[in-house]
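Here's the letter readout for the chains.
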Amino acid sequence: MNPILKLEHIQKYYGNKGNITKAIKDISFSVQTGEFLGIMGASGSGKTTLLNCISTIDTVSAGHIFLGGTDITEIKPNALARFRRENLGFVFQDFHLLDTLTISENIALALAINKTPARNVEPLISDMAAKLNISDILNKYPYQVSGGQKQRCACARAIINNPKLLLADEPTGALDSHSSQMLLSTIQSIHDRLGATILMVTHDAFTASYANRILFLKDGEIFTELCKGNDSRTAFFNKILNVLTIIGGGQSHVC
């Protein structure tokens, strides 16, 4: 099986010859279609830089990144925005919703940017809203709904164009524990029911326990990885905590 995402010896440097910071030293890994991969590591480990490189927000200093067979490190700058629209979905901890638009209109914005035919917009939104349990708030504005509902709207907007890869950057970072658990159930549903391929960066072991596999970064390199396999989420959570203790002194010190 060919991976949907493949990184080959990625390196990222900042600065000049006299003062070079190596944010990513030499990282290689693959993500299979339909996989749910988590990335964890202490502050400064390189996980945010890595996510930025995969999302084409930042450029790599060396190496290659392939998404769906396309070498994204070779895409011209003027074509990157279109590539992101057509291939990537994004879920952020701050929602990035427009308060002047209804929930339905926020989701529709992603379809409009991709020039979806107008006749298809409403059916697509209705179908996605039903899957994510937000049908009853489509006509409300973001300031009228809860944090968890906002995040489910953000998930709907991110996945409605069927992206090859869904990138989640600390998706539960701005939510309380109840809303976080609801969102994680939603993300798991997107993965299980819709077959979405998800790459999630998180500092939280409980959030990470929803993934199938986790890469732990340390000092710009892959320190180790964990696969959930047949473990329960509780058992996987405990294994994650053990690794975090080794690389960063425990969950509270990882971000």
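Attention here is on the structure that accompanies the text. All figures in this text were calculated on a predicted structure; none of them were measured in a lab. (Residues numbered from 1 in each chain as written. Predicted model: local features only at pLDDT ≥ 70, side-chain atom pairs only at ≥ 80, totals over all residues. Heavy atoms only, no water.)

**Regarding the packing of aromatic side chains**
Part 1: Counted by the stated rule, this structure contains 2 aromatic pairs.
Part 2: Plain terms: the ring middles of Tyr141 and Tyr143 are 5.8 Å apart, the flat faces sit at 10° to each other, and that makes the pair stacked.
Part 3: Among the residues examined, Tyr141 registers a relative accessible area of 29% and is labelled partly exposed.
Part 4: Note on Tyr143: relative accessible area 57%, which makes it exposed.
Part 5: For the pair Phe206 and Tyr210, a centre-to-centre distance of 5.7 Å together with 75° between the ring planes defines the contact as edge-to-face.
Part 6: On the basis of relative accessibility, which here comes to 31%, the residue Phe206 falls in the partly exposed class. (Phe/Tyr/Trp six-rings, centres within 6.5 Å; stacked < 30°, edge-to-face > 60°. Buried < 20%, exposed > 50% of the residue type's maximum accessible area, 1.4 Å probe, protein only.)

**Regarding the pairing of strand 1 (residues 5-16)**
Part 1: The pairing of strand 1 with strand 2 (residues 19-31) spans 9 bridges and is classified as antiparallel. Each bridged residue has a counterpart across the sheet, and for Asn16 the counterpart in strand 2 is Asn19.
Part 2: In sequence, strand 1 turns back onto strand 2 through a hairpin of 2 residues.
Part 3: Looking at chain direction, strand 1 and strand 4 (residues 62-67) are connected through 5 bridges and run antiparallel. Looking across to strand 4, one finds that Leu5 is bridged to Leu67. (Pairing = 2+ DSSP bridges. Helix = DSSP H or I, 4+ residues; strand = E, 2+ residues; numbered from the N terminus.)

**Overview of the environment of Phe29**
Part 1: Within the fold, Phe29 resides in strand 2.
Part 2: Counting along the chain gives 36 residues from Phe29 to Ile65, while the straight-line C-alpha distance between them is 9.8 Å.
Part 3: The contact partners of Phe29, leaving out residues within four places of it in the chain, are Leu5, Lys6, Leu7, Leu37, Leu50, Ile54, Leu215 and Ile222. (Contact = heavy atoms within 4.5 Å.)

**Things to note about the layout of surface pockets**
Part 1: Volume-wise, the largest pocket comes out at about 430 Å³.
Part 2: If you go around the largest pocket, you meet 16 residues; those closest to its centre are Leu88, Phe90, Ala110, Ile113 and Arg157.
Part 3: At the level of secondary structure, the elements contributing two or more residues to the lining of the largest pocket comprise helix 2 (80-87), strand 6 (88-92), helix 3 (103-113) and helix 5 (147-159).
Part 4: Counting residues per element, the lining of the largest pocket draws most heavily on strand 6, at 4 residues.
Part 5: Residue classes in the lining of the largest pocket are distributed as 9 nonpolar, 4 polar and 3 charged.
Part 6: As a volume, the second largest pocket reaches approximately 230 Å³.
Part 7: Taken together, 16 residues make up the lining of the second largest pocket; nearest its centre are Met128, Ile159, Asn162, Pro163 and Leu194.
Part 8: Secondary structure elements with two or more residues in the lining of the second largest pocket: helix 4 (118-131) and strand 7 (165-169).
Part 9: Tallied by class, the residues present in the lining of the second largest pocket amount to 9 nonpolar, 4 polar and 3 charged. (1 Å grid on protein atoms, 1.4 Å probe; cavity = no way out; pocket = protein on both sides within 12 Å on 5 of 7 lines; lining within 4 Å. Points joined across faces, edges and corners; volume = space filled by probe spheres on them. Nonpolar A, V, L, I, M, F, W, Y, C, P; charged D, E, K, R; others polar.)

**A word on the pattern of salt bridges**
Part 1: Under the counting rule described, the total for this entry stands at 7 salt bridges.
Part 2: Of the charged contacts in the structure, one is a salt bridge between Lys131 and Asp127, with a shortest N-O distance of 3.1 Å. Here Lys131 and its partner Asp127 are both found in helix 4, 4 residues apart, which amounts to about one turn of the helix.
Part 3: On the basis of relative accessible area, Lys131 is assigned to the partly exposed category, the value being 28%.
Part 4: Note on Asp127: relative accessible area 40%, which makes it partly exposed.
Part 5: Linking Glu225 and Arg213 is a salt bridge whose minimum nitrogen-to-oxygen distance equals 3.5 Å. Remark: Arg213 occurs in strand 9 (residues 213-218) and Glu225 occurs in strand 10 (residues 221-227); sequence separation between them is 12 residues.
Part 6: By relative accessible area, Glu225 is classed as partly exposed at 38%.
Part 7: What makes Arg213 buried here is its relative accessible area of 11%.
Part 8: Each of Glu35, Arg213 and Glu225 takes part in a single network of salt bridges with overlapping partners. (Salt bridge = Lys/Arg side-chain N within 4 Å of Asp/Glu carboxyl O.)

**Brief notes about the side chain of Lys228**
Part 1: Assignment of secondary structure puts Lys228 in the loop between strand 10 and helix 8 (233-248).
Part 2: It turns out Lys228 is buried and unbridged, and the closest side chain with the opposite charge, Asp192, is 8.3 Å from it.
Part 3: Other than its neighbours up to four places away in sequence, Lys228 contacts Ser209, Ala211, Asn212, Arg233 and Phe236. (Lys, Arg positive; Asp, Glu negative; His and termini not counted.)

Everything listed is a geometric property; what it means functionally is a separate question.
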